[in-house]
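An overview of the molecular structure
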Amino acid sequence: DLFYVTEGTVKFTVAGEVFTAGRDCLVKIPGYAPRCFLSLGHSVMFDLAGLTHWLDLLEDYTSIKAHSPERLSDKGAMGALKEKYNCQVTAFGVK
């Protein structure tokens with residue numbers, strides 16, 4: 001499952017691990033993992049489950065980060081990547 005936080009901060013508990021996600025964060029949760037969410041104030045979060053293009057986008061991004069990290073600062077390359085997957089996210093990152 002994939003969630004996108006566009007405003008505020010959301011506290012996640014996933015399989016016993018607790019963390020927070022803020023504005024413009026994508027959170028990938030393994031399928032069937034026990035989870036709960038808590039909005040820490042006004043927050044907006046979208047459930048992007050079922051949009052397979054997101055997983056493809058994250059896999060390409062992770063590959064670029066590992067093999068051509070200089071491309072991450074190239075706005076044209078990142079714009080092309082986002083366009084390839086019809087991504088409307090203004091910023092993203094992978095831990």
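Residues numbered from 1 in each chain as written. Predicted model: local features only at pLDDT ≥ 70, side-chain atom pairs only at ≥ 80, totals over all residues. Heavy atoms only, no water.

**Looking at the overall build of the chain**
Assigned secondary structure in the chain consists of two helices and six strands. Listed N to C, the secondary structure of the chain is β-β-β-β-β-β-α-α in terms of helices and strands. Across the 95 residues in the chain, those meeting the buried criterion constitute 29%. Across the chain, the fraction of contacts at a sequence separation of at least 24, relative to all contacts at a separation of at least 6, is 53%. As displayed, the chain has an accessible area near 6,200 Å², and 56% of this comes from carbon and sulfur atoms. (Helix = DSSP H or I, 4+ residues; strand = E, 2+ residues; numbered from the N terminus. Buried < 20%, exposed > 50% of the residue type's maximum accessible area, 1.4 Å probe, protein only. Contact = heavy atoms within 4.5 Å. Areas by Shrake-Rupley, 256 points an atom, 1.4 Å probe, with all protein chains shown as cover.)

**Overview of the confidence of the model for the chain**
Residues of the chain with pLDDT of at least 70 account for 87%, and the chain-wide mean is 85. Across the chain, the secondary-structure element scoring lowest on mean pLDDT is helix α1 (residues 52-67), at 84, and the one scoring highest is strand β3 (residues 17-21), at 96. (pLDDT = per-residue confidence, 0-100.)

**Examining the sheet that holds strand β6 (residues 44-47)**
The strand order across the open sheet formed by three strands is β4-β1-β6, and the pairing between neighbours is antiparallel. Two strands in the sheet have a free side with no partner beyond their single neighbour: β4 (25-28) and β6. Direction aside, the axes of adjacent strands within the sheet are offset by 20 degrees on average. Two strands pair when backbone bridges link them, and strand β1 (residues 2-7) and β6 are joined in this way by four bridges, in the antiparallel orientation. Looking across to β6, one finds that Phe3 is bridged to Asp47. (Pairing = 2+ DSSP bridges. Axes fitted to C-alpha atoms, helices over the stretch in contact; angles between N-to-C directions.)

**Section: the pattern of salt bridges**
For the structure on display, the rule yields three salt bridges. Here Asp1 and Arg35 are joined by a salt bridge, their closest N and O atoms 2.7 Å apart. In this pair, Asp1 sits in the segment before β1 while Arg35 sits in strand β5 (residues 35-39), placing the two residues 34 residues apart along the sequence. On the basis of relative accessible area, Arg35 is assigned to the partly exposed category, the value being 28%. Close ionic contact of Lys84 with Asp60 constitutes a salt bridge, the shortest N to O distance being 3.2 Å. Pair noted here: Lys84 is in helix α2 (residues 75-84) and Asp60 is in helix α1, with a separation of 24 residues, a long-range link. For Asp60, a relative accessible area of 25% translates into the label partly exposed. (Salt bridge = Lys/Arg side-chain N within 4 Å of Asp/Glu carboxyl O.)

**Concerning the environment of Phe37**
Following the sequence through the fold, Phe37 ends up in strand β5. Note on Phe37: relative accessible area 36%, which makes it partly exposed. Through-space distance from the C-alpha of Phe37 to that of Thr13 is 6.5 Å; in sequence the pair is 24 residues apart.

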